Amino acid sequence: MYTVRVTQLEKFRRYMDSVSPFDTEQSVIDTLSGKFKGNEYTWIGTAFHKIVEEGEKAWENGIVRTGGGDVKMNESQKNVAMAYRNSMPEAFHETRLNKVFQTRFGEVNISGCADIIHGNVIHDIKTKYSSPNQQEYIDSCQWRFYLEIFDANQFVFDLFHFMNYKKEVNGFDVSGLQLKVIEPIPCLRYEKMETDNRILLEDFMDWINTKQLYHLLNFKQNG
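Here the structure is a predicted model, which is why all the values come from computation and not from measurement.

## Considering the overall build of the protein chain
- When helices and strands are counted, the protein chain shows eight helices and ten strands.
- Compactness check: the protein chain gives a C-alpha radius of gyration of 18 Å against a globular reference of 17 Å for 223 residues, within 12% of the reference.
- If one aligns the C-alpha atoms of the protein chain with their principal axes, the spans along those axes are about 55 × 40 × 35 Å.
- For the protein chain, buried positions account for 45% of its 223 residues.
- Counting contacts in the protein chain only where the partners sit at least 6 residues apart, residues at least 24 apart contribute 68% of the total.
- If the 26 positive side-chain charges of the protein chain are averaged to one point and the 31 negative ones to another, these points end up 3 Å apart.

Here you go:
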């Protein structure tokens, strides 16, 4: 049985929908192969996540240590993350779950990791470095698969914008920037959501089969 992460399906969906010039077929292949190891955007987001998950102890005198490098954040940014954390004190953090889907190419195990589960609502943290486009989140397959996998009714994108960030100037240091909290984007379960999920998964597996990229998928013997 093949295992596919929801983030990989979303990368494929963005390629199929030509969301941006960066969403190429090669970018999907790189995501599947593990060649993409993250960048400054990724690790700054990880640092913010770490404070939300672990609390004050993740912030060490202005530094948050991540697997990709030390991120420099100011106390005001830390307080934004802490306020968000404290707004859901009984929430579950970093919860991974999977569901097996039947396709014409066999069983596929779809895996997703929820940033926060609060009651019957899933919250996903997105750190942004330019003004967010709400429609991109509404079009995403991430929330649709998560609602099905976790059997939830509502998924909320919680957005945090590091204002005027420039990778070539700021790098891993965002301490001099304002962190703006953006209005959340809620997404609700709808009648044909599961059907839409299966259509995308079948398209993905058809692409995998046509390109003969099965070797890039994780495989586990049943039983």
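## Examining empty space enclosed by the protein
- Overall, the coordinates contain one cavity of 30 Å³ or more when judged by the stated rule.
- One number sums up the size of the largest cavity: a volume of about 40 Å³.
- Lining the largest cavity, in full, are His49, Val52, Glu53, His93, Glu94, Asp115, Ile116 and Ile125.
- Among the secondary structure elements, those contributing two or more residues to the lining of the largest cavity are helix H3 (40-54), strand E4 (92-103) and strand E5 (106-118).
- Of all the elements, H3 adds the most residues to the lining of the largest cavity, at three residues.
- Taken together, the residues that form the lining of the largest cavity break down as three nonpolar, two polar and three charged.

Rules used throughout
- Residues numbered from 1 in each chain as written.
- Predicted model: local features only at pLDDT ≥ 70, side-chain atom pairs only at ≥ 80, totals over all residues.
- Heavy atoms only, no water.
- Helix = DSSP H or I, 4+ residues; strand = E, 2+ residues; numbered from the N terminus.
- Rg over C-alpha atoms; globule rule 2.2 N^0.38 Å.
- Buried < 20%, exposed > 50% of the residue type's maximum accessible area, 1.4 Å probe, protein only.
- Contact = heavy atoms within 4.5 Å.
- Lys, Arg positive; Asp, Glu negative; His and termini not counted.
- Charge placed at Lys NZ, Arg CZ, Asp CG, Glu CD.
- 1 Å grid on protein atoms, 1.4 Å probe; cavity = no way out; pocket = protein on both sides within 12 Å on 5 of 7 lines; lining within 4 Å.
- Points joined across faces, edges and corners; volume = space filled by probe spheres on them.
- Nonpolar A, V, L, I, M, F, W, Y, C, P; charged D, E, K, R; others polar.

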